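# Examining the three-dimensional arrangement
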Amino acid sequence: MLRYVDAAGEWLEYSDDAFIAGQAFREQRRIVALDASRADPDHADVYKSSAATTVIAAPVTSEGRRIGVLSIYADRAPIFVEDDLWLLELLADHTAVLLESRKIATAESTLRAREDSARLKEEFLSAAAHDLRTPLTVVLGQAELLERRLERNPTAPVDLAGVTRLAREARRLRDLVSELLDAQRLEEGATVMERSPADVRNVVESVRRRYHDQGIDLKATLPDEPLVGSIDVPRLEQVLDNLVENALKYASDGVLPEIHLEQHDGDVRLSVVDHGMGVPEDEAARIFERFYRATNVQSITDTGIGLGLYICRRIVESHGGRIWVEPTPGGGSTFKVSIPAAPAVPEPDPQRAPAGWSAGAEAAADA
Ligand code: ADP
């Protein structure tokens, strides 16, 4: 079977004994047919309808293997001189080299993709093994301690501090596992974003509410009017949550981070400003890479595996936006997220939606 590409770029399939090109391919020789309809009467109608009066064809081969055929059609005869034939053969040789190198490149990229995916799995596994072991050891040690105490004295009062520690480490463990799974799912493109128009102010409020419940009151500046983006609400909340969590984790002086939301050049712009240790300038881009932890934290005993910002970047990019970090004037870092704004949505129906951002998202989805 030979596949031809016609003048309009369409692919057509014919058996390899059809046409003068097919004959050149089959017999592995150059053919010149000054009157194509006469040389190949079976396909005279095709030659006529495509105004192909004269045809020359040369086989394309590589190391003795038949790869294809190169043919040139002309509407007037005779048009080809000896130079044209020579040129055609040269082109056929070039085509062979091109096709061969593309084949090698494809084989190479398949191999590279396979190696990348194996390396990715290895990286995930070793990060998981290393980072899960520490909290697991604490959880196990604490649980065994409580178990021994209870065995010795079943009526002893509950060791609240011990149970709290157990719960805290178990939560950390759960967060690490979700981060690892999330990053791997995003890497494989398996997490489909469900986007709909929603007021981004509600995303900020929802994250602030969560921190408020933990006794942390974050300052935020929000626009007076709704600022609508086409967003996956829980995913954007995850991004903001992560940025705030980092700002708190890497804040050296205890000053709380602030959130700003504004419209900027037709985009929705979210900023998390902290006054902490700052990100070394030459690592500002790298911190968004998988497993990258900057030198500012490597020496201290912060928990983390360098996946949070990578996940943020993947989420923001899938919204058609970008994320970056700038130094905060006076010290610290400002993480910025920019995503395209969407046309305004109608106000949520208070009858149907009781409170919060989810009301906005629901109304928008129905609209
Ligand atoms: P993790 O916090 O688990 O290390 P992240 O991907 O969230 O992973 O962050 C990557 C790195 O970026 C951190 O290890 C740290 O070096 C740097 N970083 C992130 N946020 C801040 C911040 N607010 N201030 C200073 N450095 C930060």
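Report on the accompanying structure.

About the thresholds
- Residues numbered from 1 in each chain as written.
- Predicted model: local features only at pLDDT ≥ 70, side-chain atom pairs only at ≥ 80, totals over all residues.
- Heavy atoms only, no water.
- Pairing = 2+ DSSP bridges.
- Helix = DSSP H or I, 4+ residues; strand = E, 2+ residues; numbered from the N terminus.
- Axes fitted to C-alpha atoms, helices over the stretch in contact; angles between N-to-C directions.
- Contact = heavy atoms within 4.5 Å.
- Near = heavy atom within 4 Å.
- Polar contact = N/O pair within 3.5 Å; in protein donor to acceptor, adjacent residues only side chain to side chain.
- Areas by Shrake-Rupley, 256 points an atom, 1.4 Å probe, with all protein chains shown as cover.
- 1 Å grid on protein atoms, 1.4 Å probe; cavity = no way out; pocket = protein on both sides within 12 Å on 5 of 7 lines; lining within 4 Å.
- Sits in = over half its atoms within 2 Å of the grid points.
- Buried < 20%, exposed > 50% of the residue type's maximum accessible area, 1.4 Å probe, protein only.
- Phe/Tyr/Trp six-rings, centres within 6.5 Å; stacked < 30°, edge-to-face > 60°.
- Lys NZ or Arg CZ within 6 Å of the ring centre and 35° of its normal.
- Salt bridge = Lys/Arg side-chain N within 4 Å of Asp/Glu carboxyl O.
- Points joined across faces, edges and corners; volume = space filled by probe spheres on them.
- Nonpolar A, V, L, I, M, F, W, Y, C, P; charged D, E, K, R; others polar.
- Domains from an automatic or database assignment.

Turning our attention to the sheet that holds strand S11 (residues 322-327). With mixed pairing, the 5 strands of this open sheet are ordered in space as S7-S9-S10-S12-S11. A single partner strand is all that each edge strand has here, and the edge strands are strand S7 (219-221) and S11. Each strand axis lies, on average, 20° off the axis of its neighbour in the sheet, ignoring direction. Each of S7, strand S9 (258-264) and strand S10 (267-273) touches helix H6 (residues 200-213); the most contacted strand, S9, lies at about 175° to it.

Quick look at the site of the ligand now. Neighbouring residues of the ligand: 22 residues in total, closest Tyr-250, Asp-274, Arg-293, Asn-296 and Leu-309. Taking Arg-293, its side chain carries an N or O atom lying 2.5 Å from an oxygen atom of the ligand. Within the contact set of the ligand, an oxygen atom lies 2.8 Å away from a side-chain nitrogen or oxygen of Asn-296. Relative to its unbound accessible surface of 530 Å², the ligand loses 99% to contact with the protein. Assessed atom by atom at 2 Å from the grid points, the ligand resides in the largest pocket. Listing elements by their share of the shell around the ligand, those giving two or more residues are helix H7 (233-249), helix H8 (295-298), helix H9 (308-318) and strand S12 (333-340). Ranked by residues supplied to the shell around the ligand, first place goes to H7 with 3 residues.

Let us now look at the side chain of Glu-237. With respect to the element layout, Glu-237 can be found in helix H7. Look at Glu-237 and you get buried, because its relative accessible area is 5%. A distance of 3.3 Å separates polar atoms of two side chains, one belonging to Glu-237 and the other to Arg-210.

Next up on the list: the sheet that holds strand S4 (residues 54-62). Taken in spatial order, the 3 strands make up an open sheet running S3-S4-S5, and their pairing is antiparallel. Pairing within the sheet leaves two strands with one partner each, and these edge strands are strand S3 (31-33) and strand S5 (65-74). Strand-to-strand twist across the sheet, computed as the mean angle between neighbouring axes with direction ignored, equals 15°. Note that S4 and S5 share 9 bridges and pair antiparallel. Among the inter-strand pairings, Ile-56 is bridged to a residue of S5, identified as Ile-72.

Bringing the packing of aromatic side chains into the picture now. Applying the stated criterion across every chain yields a total of 3 aromatic pairs. Judged by centre distance (4.7 Å) and plane angle (90°), the ring pair of Tyr-14 and Phe-19 falls under edge-to-face. Taking relative accessible area as the criterion, Phe-19 reaches 8% and is therefore assigned buried. The interplanar angle of 65° and the centroid separation of 6.2 Å between the aromatic rings of Phe-288 and Phe-335 together place this pair among those described as edge-to-face. Pair noted here: Phe-288 is in the loop between S10 and H8 and Phe-335 is in strand S12, with a separation of 47 residues, a long-range link. Like Phe-335, Phe-288 is buried. Through successive ring pairs, a cluster of aromatic residues spans Tyr-14, Phe-19 and Tyr-47. One residue, Arg-66, lies across the ring of Phe-25, its end atom 4.4 Å from the ring centre. The ring centre of Trp-324 lies 3.9 Å from the NZ or CZ of Arg-322, which sits over that ring.

With that out of the way, let us pick up the pattern of salt bridges. Within the structure shown, the criterion is met by 12 salt bridges. The partner of Arg-201 in a salt bridge is Asp-199, with the nearest N and O atoms 2.8 Å apart. Per residue, the accessibility class of Arg-201 equals that of Asp-199, and both read buried.

What follows covers the environment of Val-163. Position of Val-163 relative to the elements: it lies in helix H5 (residues 160-187). Residues Val-163 and Gln-142 lie 21 residues apart in sequence; the distance between their C-alpha atoms is 8.0 Å. The residues touching Val-163, leaving out its near neighbours within four places in the chain, are Leu-146 and Val-158.

Within this model, the largest pocket holds a volume of roughly 1200 Å³. Lining the largest pocket are 42 residues, and of these Glu-179, Glu-245, Asn-246, Lys-249 and Gly-304 sit closest to its centre. When contributions to the lining of the largest pocket are tallied by element, the ones reaching two or more residues are helix H4 (82-152), H5, H7, H8, H9 and S12. The element contributing the most residues to the lining of the largest pocket is H5, with 10 residues. Residue composition of the lining of the largest pocket, by class: 15 nonpolar, 13 polar and 14 charged. When residues of the lining of the largest pocket are assigned to domains, at least three map to each of domain 2 (120-188) and domain 3 (196-366). Computed from the structure, the second largest pocket encloses a volume of approximately 930 Å³. Residue lining of the second largest pocket: 28 residues in total, with Arg-3, Tyr-4, Val-5, Asp-6 and Val-69 positioned closest to the centre. Elements with a contribution of two residues or more to the lining of the second largest pocket: strand S1 (2-5), strand S2 (11-14), helix H3 (44-49), S5 and H4. In terms of residue count, S5 provides more of the lining of the second largest pocket than any other element does, 7 residues in total.

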